[in-house]
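# Survey of secondary and tertiary structure
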Amino acid sequence: MQFDHLVVGATALDEAQAHVEDALGVKMQPGGAHGVFQTHNALLGLEEGLYLEAIAPNPAVTAPPRPRWYDLDRFDGPARLSNWACAVKDMSRALEDMPEGAGTPVDVSRSALIWKMAVSEDGTTPYDNLWPALIEWPEGVHPASQLEPTGIRLKRFTLVHPDADALAQALSVHLTDDRVMIEEGALDMQAEFDTPDGVRVL
């Protein structure tokens, strides 16, 4: 797996977008609408090939017949950093070694872009949604390359879980990234960024 992007969820996209823009001090770019899960998003380019996504259910369309990804159907409270995603080159092969509940491959689209996402039947990921959603992009295609540079770099991404040792051990088999830290405690997720205006936190 390779760190791909961070996800800020909300019940409404304008709330998710405002949360990111207020925290980081930059404007997000328009994204688009997703088929299958009936969501829509806004995007922000980060350094080192990463990006940040604000996402919420799309009120302009009817709800999908299956639970939405990122556990958005059960989302409540204010907009917040809620999920993350890691890219894999071969989704089917990668899922063979993932924890139970990592999902099955689903073809997803946004405008002309089509990719695969691993989504479970209830829209969650293992370890209380702290496990990364798996994504497989088409060869040579990635949204980050189409986003305006912001000069913002992810410095540290911290996952907090009551069973931190189990989460850390499971992740270490698949991901090597010094930016990802795992701590024991009540469920939480926090990202620290270096920005042109200093350190900012989501």
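Quick summary incoming for the structure in this document. Here the structure is a predicted model, which is why all the values come from computation and not from measurement. (Residues numbered from 1 in each chain as written. Predicted model: local features only at pLDDT ≥ 70, side-chain atom pairs only at ≥ 80, totals over all residues. Heavy atoms only, no water.)

### Some thoughts on the side chain of serine 120
Within the element layout of this structure, serine 120 appears in the loop between β7 (113-119) and α3 (126-129). Overall, serine 120 belongs to the buried group, its relative accessible area being 8%. Ignoring sequence-local partners within four residues, the contact set of serine 120 consists of Arg66, Gly101 and Gly103. (Helix = DSSP H or I, 4+ residues; strand = E, 2+ residues; numbered from the N terminus. Buried < 20%, exposed > 50% of the residue type's maximum accessible area, 1.4 Å probe, protein only. Contact = heavy atoms within 4.5 Å.)

### Brief notes about the pairing of strand β11 (residues 188-195)
With seven bridges connecting them, strand β9 (residues 153-161) and β11 associate as antiparallel partners. Counterpart to threonine 158 in the pairing with β11 is glutamine 190. Where β11 lies against strand β12 (residues 198-201), four bridges are found, and the strand directions are antiparallel. Bridge assignment links aspartate 194 to a residue of β12, and that residue is valine 199. (Pairing = 2+ DSSP bridges.)

### Looking at the packing of aromatic side chains
By the definition in use, this model includes eight aromatic pairs. Judged by centre distance (6.5 Å) and plane angle (20°), the rings of tryptophan 69 and tryptophan 115 are stacked. You can see tryptophan 69 sitting in the loop between β4 (51-57) and β5 (80-87) and its partner tryptophan 115 sitting in strand β7, a full 46 residues away along the chain. The burial state of tryptophan 69 is the same as that of tryptophan 115; both residues are buried. An aromatic cluster is present here, built from Phe37, Trp69, Tyr70, Trp115 and Trp137 joined pairwise through their rings. The ring of phenylalanine 75 is capped by arginine 80, whose NZ or CZ atom sits 4.1 Å from the centre of that ring. (Phe/Tyr/Trp six-rings, centres within 6.5 Å; stacked < 30°, edge-to-face > 60°. Lys NZ or Arg CZ within 6 Å of the ring centre and 35° of its normal.)

### A closer look at empty space enclosed by the protein
As enumerated under the stated definition, the model contains two cavities of 30 Å³ or more in all. In this structure, the largest cavity spans a volume of roughly 100 Å³. In this structure, the largest cavity is lined by 15 residues; those nearest its centre are Asn41, Tyr51, Glu53, Trp115 and Trp137. When residues of the lining of the largest cavity are traced back to their parent elements, those giving at least two are β3 (39-45), β4 and β7. No other element matches the three residues that β7 contributes to the lining of the largest cavity. Partitioning the lining of the largest cavity into residue classes produces 10 nonpolar, three polar and two charged. Volume-wise, the second largest cavity comes out at about 60 Å³. In terms of lining residues, the second largest cavity is bounded by Trp69, Tyr70, Met117, Ala118, Val119, Ser120, Gly123, Thr124, Thr125 and Ala133. Looking at the lining of the second largest cavity element by element, the count peaks at three residues for β7. (1 Å grid on protein atoms, 1.4 Å probe; cavity = no way out; pocket = protein on both sides within 12 Å on 5 of 7 lines; lining within 4 Å. Points joined across faces, edges and corners; volume = space filled by probe spheres on them. Nonpolar A, V, L, I, M, F, W, Y, C, P; charged D, E, K, R; others polar.)

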